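# Architecture at a glance
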Amino acid sequence: RQPGMAEGEAAGDAGLGPAPAQEGAELAAVIGATVPTGFEQTAAEEVQEKLGSASRISRDRGKIYFEVPARSLPQVHRLRSVDNLFVVVQEFKDYQFRENKEDALKDLEDLVKKLPWTDPLKVWELNNSLKKKKTKRKKHNLQSPASREKLNGGEERGADQNNTNDQEDCAQNPVAVEPTGGQDTEKPQEVTSRNGVEEEEDNEQSDVKVEVQATSESETKAGDSQTGEGEAKVLRFRVTCNRAGDKHSFTSNEAARDFGGAVQEHFQWKADMTNFDVEVLLNIHNNEVVVGIALTEESLHRRNITHFGPTTLRSTLAYGMLRLCDPQPTDIIVDPMCGTGAIPIEGAAEWPYCYHIAGDNSPQAVKRAGNNICSLLRKNESKDSSAALGVPLDIIQWDICNLPLRTGSVDIVVTDMPFGKRIGSKKKNWDLYPACLMEMGRICTPGTGRAVLLTQDKKCFAKALSRVGHIWRRAQTVWVNVGGLHAAVYLLRRTWEKAEERRSFW
Amino acid sequence: KLGHPSELPPEPLPNYEADEDFLRRLHHVLLEVEVLEGSLQCPDSGRRFPISRGVPNMLLSEEET
């Protein structure tokens, strides 16, 4: 196959994107969403259920793509299994990079003016007007102080910059390195909204129109364009490039820089690393190239948690785990090692017809979880003018090996098991895991009960599981990435065998 | 037992599923009343478990396990 790239090939057969909107036809968008690796299928199911759209799962793990009408954007933002969203400008399933670095980069530059920017930019604009109310509430700049420090460092940092072989690297233009995706900032004072859009749901229809017309609002917040709607806007932008693959002759840094240069030429926008209006994404995974425009600035995954602990689980991962056990109305769902309560809180928010019980032995964990639950209650209060509705969620301080729950009374056990590296130790896990599995087996309803357990200590878990084969059967395993560590989520089914009745201490 | 106006009977009455008034009071106690300070008492042993800031502490002591 010729490594060369003929003129016009980019926009031709290899290119995929939504058909440009016809006169009078509704604006549609192909949305790309990043999801926790391993949960692409779960996310696709949620998209099908809530948006009615089928998803494509890309070979670049951790991403799914689906098409929706632009008016569905608010619902897209309410998806619980996605971390970040972007609108696809164009997708290339099999892009042929030229071997020579200069040629390959030149091709990327030339690509810019051929891409169908119009509709995606309309979607970006619409998305902006949905976001405007969220940013009003924030008192501080969207970029965390930590990332600003890194940017001031200027030149390239990180080991991978000049390594173009079999590496993943990521960069933005101008030359600086910063991890993409949200900065996870702790906001203890602020009640985190479930996502930026939801709170304004009631009056968003009329307000969106008002926002678009109210051009003279002078808000001095990051990312706000300086001029009014009617005049030509000078937008600020940056390009973020993620590159993976061993056959590229260039780094993500170089691609971001050159692509960014061409974007600047084409639109006459101003490049700005920190205060940008438009974030252009250039995702390169071997021969799969996706150009997109970001629709989220911070990752959605911290949305429910206001009080973090050392190992707080992402809400999107918590959601994925819960979905895996297929909760039914009236199910009792227990997280016996809840930490800050990420899983039960996500559970109570998304499956309100189940009852969620959280517990932990650590007083700090219980306190933090309690605070997170209070934040959730307060949020419900402000929405309703009448008395606050109860939340089907409770927290108890208890010992995982001596749970104050009756035998066979729980439908689902879902938890993030302690990882040796972060909490406790590997040696402790050796004893803890079998005891946990036994006790979880006792409280769980024989036959219909199930457990979804996340652990990094896969060896220890497998061994423990082999000892309780009469109680638990392994149904499914999902390989995931948690804070850079390779972990696994196990879906277990409770066998029909009854557990030994305990002496009634309770 | 709570000393609360919406008293509940000590045991569910037969056919409680159809008794809407009972169900409302039960729902209220389960989901809308939060015990902030107090205790839970085991009906068999009489052992009390303290509740502090809404959270019951059900850890057992060394002798109890």
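Details of the structure are given in the entry above.
Anyway, here's the lowdown on the structure attached to this text. Quick caveat: nothing in here was measured; it's all calculated off a predicted structure.

The rules behind the values
Residues numbered from 1 in each chain as written. Chains lettered and ligands numbered in written order. Predicted model: local features only at pLDDT ≥ 70, side-chain atom pairs only at ≥ 80, totals over all residues. Heavy atoms only, no water. Helix = DSSP H or I, 4+ residues; strand = E, 2+ residues; numbered from the N terminus. Contact = heavy atoms within 4.5 Å. Areas by Shrake-Rupley, 256 points an atom, 1.4 Å probe, with all protein chains shown as cover. Axes fitted to C-alpha atoms, helices over the stretch in contact; angles between N-to-C directions. Parallel < 35°, antiparallel > 145°, perpendicular 65-115°, else oblique. Left-handed = near helix turned anticlockwise from the far one by under 90°. Buried area = accessible area lost by both parts, 1.4 Å probe. Nonpolar A, V, L, I, M, F, W, Y, C, P; charged D, E, K, R; others polar. Phe/Tyr/Trp six-rings, centres within 6.5 Å; stacked < 30°, edge-to-face > 60°. Buried < 20%, exposed > 50% of the residue type's maximum accessible area, 1.4 Å probe, protein only.

## A look at the overall build of chain B
Scanning chain B from N- to C-terminus turns up 1 helix and 3 strands. From first element to last, N terminus to C terminus, chain B shows the α and β order α-β-β-β. Taking the contacts inside chain B whose residues are at least 6 apart along the sequence as the reference set, 6% of them involve residues at least 24 apart. Accessible area of chain B: about 5000 Å², with a carbon and sulfur share of 54%.

## Some remarks on the packing of helix α8 (residues 315–324) of chain A against helix α9 (residues 342–350) of chain A
Residue and element names in this part refer to chain A. At a closest axis distance of 9 Å, the pairing of α8 and α9 adopts a crossing angle of 65°. By the angle class used here, α8 and α9 are roughly perpendicular. For α8 against α9, the interelement crossing comes out right-handed. For the pair formed by α8 and α9, the contact residues are Ser 315, Ala 318, Tyr 319, Met 321 and Leu 322 on the first element and Ala 342, Ile 343, Glu 346, Gly 347 and Glu 350 on the second.

## Focus on the interface of chain A and chain B
At the interface, 17 residues of chain A touch 18 residues of chain B. Note on chain A versus chain B: buried area summed over both sides is about 1400 Å², and carbon and sulfur give 65% of it. No other element matches strand β13 (residues 393–397) of chain A, which puts 4 residues into the side of chain A that touches chain B. Taken together, the residues of the side of chain A that touches chain B break down into 10 nonpolar, 5 polar and 2 charged.

## Here's the deal with the packing of aromatic side chains
All names here are of chain A. For the coordinates displayed, the defined rule picks out 10 aromatic pairs over all chains. Taking 6.0 Å as the distance between ring centres and 80° as the angle between the ring planes, the aromatic pair formed by Tyr 65 and Phe 86 counts as edge-to-face. With a gap of 21 residues between them, Tyr 65 in strand β4 (residues 63–69) and Phe 86 in strand β5 (residues 84–92) connect regions that are remote in the sequence. Residue classification places Tyr 65 among the buried positions, given a relative accessible area of 2%. For the ring pair Tyr 319 and Trp 351, a centre distance of 5.3 Å and an interplane angle of 25° mean the geometry is stacked. Taken together, the residues Tyr 319 in helix α8 and Trp 351 in the loop between α9 and β12 (355–360) connect sequence positions 32 residues apart. Take Trp 351: its relative accessible area is 13%, and that puts it in the buried class. In textbook terms, an aromatic cluster arises when at least three aromatic residues are bridged by ring pairs, as seen for Phe 92, Tyr 95, Phe 97 and Phe 250.

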